[in-house]
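Each chain, letter by letter, is given below.
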Amino acid sequence: MASSTARPAIHGDGPEEQPVARRLLHSAAVLSYDPAVEVDWDTPLDKDFHGASPEWSTLYGTAYWEELTEGQRKELTRQEAASVASTGIWFEMILQQMVLRDIYAKDPTGAEFQWALTEIAEECRHSIMFARGAQKLGAPAYRPRRAVMELGRVFKTLAFGEAAYAAILVAEEVLDVMQRDWMRDERVAPFVRTINNIHVVEESRHMKFARDETRKRLRGAGRVRRQVNALVVAGASYFIVTSMVNKAVYAQAGLDSARALAEARANEHHKAMLRSSCSGLMDFLASAGLLTRPALAFYQRAHLI
């Protein structure tokens, strides 16, 4: 169950009248989790369970998937779930640095400053939770390719304003849709379902803040600024999404890596799952003026649209 704390004092006419950051602080005080306590870390891994809903596997629907035994399918989804978690850690570390840089000189008595630190605290707990979860799934330390890691260094250093917050939103939205499926699926290991539930609940606050900040930063933005930022966000999105499942998962699961990778790349079912998960996100980016023709090319290559 979620831990409870004293309700923070909120001044004004009602929650709907308060700034977004103040309402999010209230939400975090009322509904937050401690993964160290909430997740069952002690029970040994039960290999009768999947690590993710099978329908989200990169091989689901392929000829290779049909040839796999149930045990092989379960091992593959466990490795894929661990890879997604590892990618989540990578981007959460980028997120934390961008948010810290954004609030560096802001008023610490303000709700936005305090919410930003609250979000960072939640992201720290999520990263530890994902790391322990991947370890329990029996996975190695999956990381993006070296070139992508270095691009991440550049992005976290230079991205600011709407580019930073919109990119944060993309990563969070894609994970959110996946994990909502996984947390309800009784075929998925119970401790993984708990991890997903914690992340979905707390990330809903982060997504709300990222949307609000993106809208605010774009007020009065001209065409050139929107065009540039649309391309930056799309490029970041491409590398985030294409890094979610590391190609090493196939060998780790005992499969033929070359065949698995070829069939995964051609898997129309998985591409359709990604597109369906991003319909709301694409609507938001379009409404914010960040879904330009050059940006569309990146989203199409990542199968997000």
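In the block above lies the structure referred to throughout.
The written sequence of each chain sets the order in which its residues are numbered from 1. Totals for whole chains, interfaces and linings use every residue, but because this is a predicted model, local features are given only for residues with pLDDT of at least 70 and side-chain atom pairs only at 80 or more, for both listing and counting. Excluding hydrogens and water, the side-chain figures rest on all heavy atoms present in the structure.

Draft legend 1. Region of interest: the overall build of the protein. Think of it this way: any DSSP run of H or I at least four residues long counts as a helix, any run of E at least two long counts as a strand, and we number them from the N terminus. Of the regular secondary structure elements, the protein holds 14 helices and zero strands. From first element to last, N terminus to C terminus, the protein shows the α and β order α-α-α-α-α-α-α-α-α-α-α-α-α-α. The quantity called the radius of gyration is restricted to C-alpha atoms. Its globule counterpart is 2.2 Å times the number of residues to the power 0.38. The globule rule puts the C-alpha radius of gyration for 305 residues at 19 Å, and the 20 Å found for the protein is close to it. Based on the C-alpha atoms only, the size of the protein along its principal axes is roughly 60 × 45 × 30 Å. Working definition: with a 1.4 Å probe on protein chains only, accessible area under 20% of the residue-type maximum means buried, over 50% means exposed, and in between means partly exposed. Out of the 305 residues in the protein, the part that is buried amounts to 52%. Whether two residues are in contact is decided by their heavy atoms: any pair within 4.5 Å suffices. In the protein, 82% of the contacts between residues at least 6 apart in sequence involve partners at least 24 apart. Here the accessible surface of atoms and residues is derived via Shrake-Rupley with a 1.4 Å probe, and residues count as covered only by protein chains that are part of the display. Here the protein has roughly 14200 Å² of accessible surface; of this, 56% comes from carbon and sulfur atoms.

Draft legend 2. A look at the pattern of salt bridges. Each reported salt bridge corresponds to a side-chain nitrogen of Lys or Arg within 4 Å of a carboxyl oxygen of Asp or Glu. Considering all chains together, one arrives at 20 salt bridges under this definition. Between arginine 259 and glutamate 67 there is a salt bridge, and its shortest N-O distance comes to 2.8 Å. Of the two residues, arginine 259 is situated in helix H11 (residues 257-265) and glutamate 67 in helix H3 (residues 63-67); the sequence distance between them amounts to 192 residues. One salt bridge in this structure joins glutamate 70 and arginine 73, with 3.2 Å as the shortest N-O distance. Of this pair, glutamate 70 and arginine 73 both sit in helix H4 (residues 70-103), three residues apart, which is roughly one turn of that helix. Owing to a relative accessible area of 40%, glutamate 70 belongs among the partly exposed residues under this scheme. A network of salt bridges, in which partner residues are shared, links Asp102, Lys106, Glu112, Asp212, Glu213, Lys216 and Arg217.

Draft legend 3. Region of the structure containing the environment of serine 243. Take serine 243: it is sitting in the loop between helix H9 (223-242) and helix H10 (248-252). Serine 243 gets classed as buried once you look at its relative accessible area, which sits at 8%. Not counting chain neighbours up to four residues away, the residues in contact with serine 243 comprise Thr87, Pro144 and Val148. Within the local environment of serine 243, its side chain forms a polar contact with the backbone oxygen of phenylalanine 239, the two atoms lying 2.6 Å apart. Any pair of nitrogen or oxygen atoms within 3.5 Å is treated as a polar contact; in protein, a donor-acceptor pairing is required on top of that, and neighbouring residues in sequence qualify only through side-chain atoms on both sides.

Draft legend 4. Region of interest: the nonpolar core. Counting 93 residues, the largest nonpolar core has Leu59 and Leu76 as the members making the most contacts within it. Not counting residues up to four positions away in its chain, the partners in contact with leucine 59 are Tyr64, Trp65, Leu76, Glu80, Tyr250, Leu255, Ala260, Glu263, Ala264 and Asn267. In this description, a nonpolar core means a group of buried Ala, Val, Leu, Ile, Met, Phe, Trp, Tyr and Cys residues linked to one another through side-chain atoms lying within 4.5 Å.

Draft legend 5. Looking closely at the packing of H9 against helix H14 (residues 293-301). Where H9 contacts H14, the two axes come as close as 8 Å, and the packing angle between them is 10°. As summarised for this structure, H9 and H14 are arranged roughly parallel, according to the angle between their axes. Contact residues: Gln227, Ala230, Leu231, Val233, Ala234, Gly235, Ser237 and Tyr238 in H9; Pro294, Ala295, Phe298, Tyr299 and Arg301 in H14. Its residues placed into classes, the contact of H9 with H14 shows nine nonpolar, three polar and one charged. Every angle, taken between N-to-C directions, lies between 0 and 180 degrees, and every axis is a line fitted to C-alpha atoms, over only the stretch in contact when it is a helix. Just so you know how the angles are binned, under 35 degrees is roughly parallel, over 145 roughly antiparallel, 65 to 115 roughly perpendicular, and the rest oblique. Basically, the charged four are Asp, Glu, Lys and Arg, the nonpolar ten are Ala, Val, Leu, Ile, Met, Phe, Trp, Tyr, Cys and Pro, and anything else, Gly included, counts as polar.

Draft legend 6. The arrangement of the environment of glutamine 227 in detail. Tracing the backbone through its elements, the reader meets glutamine 227 in helix H9. Of the residues examined, glutamine 227 reaches a relative accessible area of 27% and is grouped as partly exposed. The spacing of glutamine 227 and leucine 290 is 63 residues in sequence and 7.1 Å in space, taken between C-alpha atoms. Discounting chain neighbours no more than four positions away, the residues touching glutamine 227 are Thr292 and Pro294.

Draft legend 7. Geometry of H11. If you check which residues of H11 are buried, you get Ala260, Glu263 and Ala264. Axial view of H11: buried residues confined to an arc of 100°, hence all on one face. Exposed residues pointing more than 90 degrees away from the buried face of H11 are listed as Ala258 and Arg265. Packed against the buried residues of H11 are H3 and H10. The residue sitting at the N-terminus of H11 and contributing the capping side-chain oxygen is aspartate 256; that oxygen lies 3.2 Å from the backbone nitrogen of alanine 258. In this description, the arc belongs to the directions extending from the helix axis to the C-beta atoms.

Draft legend 8. Molecular detail of unusual backbone geometry. A positive phi angle, close to 60°, is found at histidine 303, a residue other than glycine. With respect to the secondary-structure elements, histidine 303 resides in the segment after H14.

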